[in-house]
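Summary of the model geometry
Take a look at the letters that make up each chain.
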Amino acid sequence: MSAAVIAYDPNNIFARILRGEIPCKKVYEDEHALAFHDINPQAKIHVLVIAKGAYVSMADFSIKASDKEIVGFFRAEGTTAEKLGVIESGYRLLANHGPNSHQEVPHLHVHIFGGQKLGRMIAVERQS
Ligand code: AMP
């Protein structure tokens, strides 16, 4: 494992959702991924697609996951977008990794934002 990737914590909130210990508003599920509505939506549509495997982030996933898991995860993302009806209108994907990104939950996930105009790419914090 890259020294820059922290160890996986099996008690993170998304691991607990995967184990059924905490409920979620499910959009889609298959053997590779689970998609559900974000609890604190930042757009009209804000859905999280999380991997079924124990990966901290996209950096960790890209190093350790099998080709099958990587293909499965991205197909699940596409299927979720289709189910949300955002393919034609457009949507944005976002994946945070590490401190500069403000990643809150250390389990691989991609945000899907849509249902409205999303503005330009990102808001960058001012440096003091
Ligand atoms: P990130 O900053 O990329 O790690 O994003 C984590 C996201 O998970 C945030 O947008 C949170 O609102 C969301 N979140 C945290 N707990 C839950 C939960 N129990 N159900 C759904 N979304 C959650």
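For the structure given in this document, a descriptive report is provided here. Just so it is clear, the model here is predicted, and its values are computed rather than measured.

It is worth spelling out the packing of aromatic side chains at this point. This structure, assessed with the given rule, holds four aromatic pairs. Between Phe 61 and Phe 73, the ring centres sit 5.4 Å apart and the planes meet at 65°, which makes this aromatic pair edge-to-face. Here Phe 61 is found in helix α2 (residues 58-64), whereas its partner Phe 73 is found in helix α3 (residues 67-84), with 12 residues between them in sequence. According to the relative accessible area criterion, Phe 73 is buried, its value standing at 0%. Site record: aromatic cluster; members linked through ring pairs are Tyr 55, Phe 61, Phe 73 and Phe 74.

Take a nonpolar patch on the surface next. Taken together, the side chains of Met 121, Ile 122 and Val 124 make up a nonpolar region of the molecular surface, amounting to roughly 400 Å² of accessible area. Note on placement: Val 124 falls in the segment after β5 (109-114).

Right, let's get into the pattern of salt bridges. A complete count under the given rule lists six salt bridges for this structure. Across the salt bridge formed by Glu 21 and Arg 19, the nearest N and O atoms sit 2.7 Å from each other. Residue classification places Arg 19 among the partly exposed positions, given a relative accessible area of 44%. With a closest N to O distance of 3.0 Å, Lys 64 and Asp 60 form a salt bridge. Taken together, the positions of Lys 64 and Asp 60, both in helix α2 and four residues apart, correspond to about one turn of that helix. Look at Asp 60 and you get buried, because its relative accessible area is 0%. If you follow the salt bridges from partner to partner, you end up with Arg 16, Arg 19 and Glu 21 in one network.

Below, the discussion takes up the nonpolar core. In terms of nonpolar packing, the biggest core is built from 19 residues, with Val 47, Phe 73 and Leu 84 touching the most fellow members. Elements that contribute at least two residues to this core include exactly β1 (26-29), β2 (33-37), β3 (45-51), α3 and β5. Setting aside anything within four residues of it in sequence, one finds Val 47 in contact with Val 27, Ala 35, Phe 36, His 37, Asp 38, Thr 80, Leu 84, Val 110, His 111 and Ile 112. Listed in part, the seven residues of the second largest apolar core include Phe 14, Leu 34, Phe 36 and Val 105.

Ordered by their spatial adjacency, five strands build an open sheet running β1-β2-β3-β5-β4, and the pairing between neighbours is antiparallel. Edge positions in the open sheet fall to β1 and β4 (91-94), since each of these has one partner strand only. Strand-to-strand, the axes of this sheet are offset by a mean angle of 20°, without reference to chain direction. Relative to β2, β1 is paired through three bridges, and the arrangement is antiparallel. Paired with Glu 29 across the two strands is Leu 34, which belongs to β2. On top of the sheet, α3 reaches β1, β2, β3, β4 and β5; it is set at about 155° to β3, its chief contact.

The rules we used
Residues numbered from 1 in each chain as written. Predicted model: local features only at pLDDT ≥ 70, side-chain atom pairs only at ≥ 80, totals over all residues. Heavy atoms only, no water. Phe/Tyr/Trp six-rings, centres within 6.5 Å; stacked < 30°, edge-to-face > 60°. Helix = DSSP H or I, 4+ residues; strand = E, 2+ residues; numbered from the N terminus. Buried < 20%, exposed > 50% of the residue type's maximum accessible area, 1.4 Å probe, protein only. Patch = residues over 30% accessible without salt bridge, like charges linked within 9 Å, V, L, I, M, F, W, Y side chains within 5 Å. Areas by Shrake-Rupley, 256 points an atom, 1.4 Å probe, with all protein chains shown as cover. Salt bridge = Lys/Arg side-chain N within 4 Å of Asp/Glu carboxyl O. Core = buried A, V, L, I, M, F, W, Y, C linked by side-chain atoms within 4.5 Å. Contact = heavy atoms within 4.5 Å. Pairing = 2+ DSSP bridges. Axes fitted to C-alpha atoms, helices over the stretch in contact; angles between N-to-C directions.

By themselves these figures say nothing about function.
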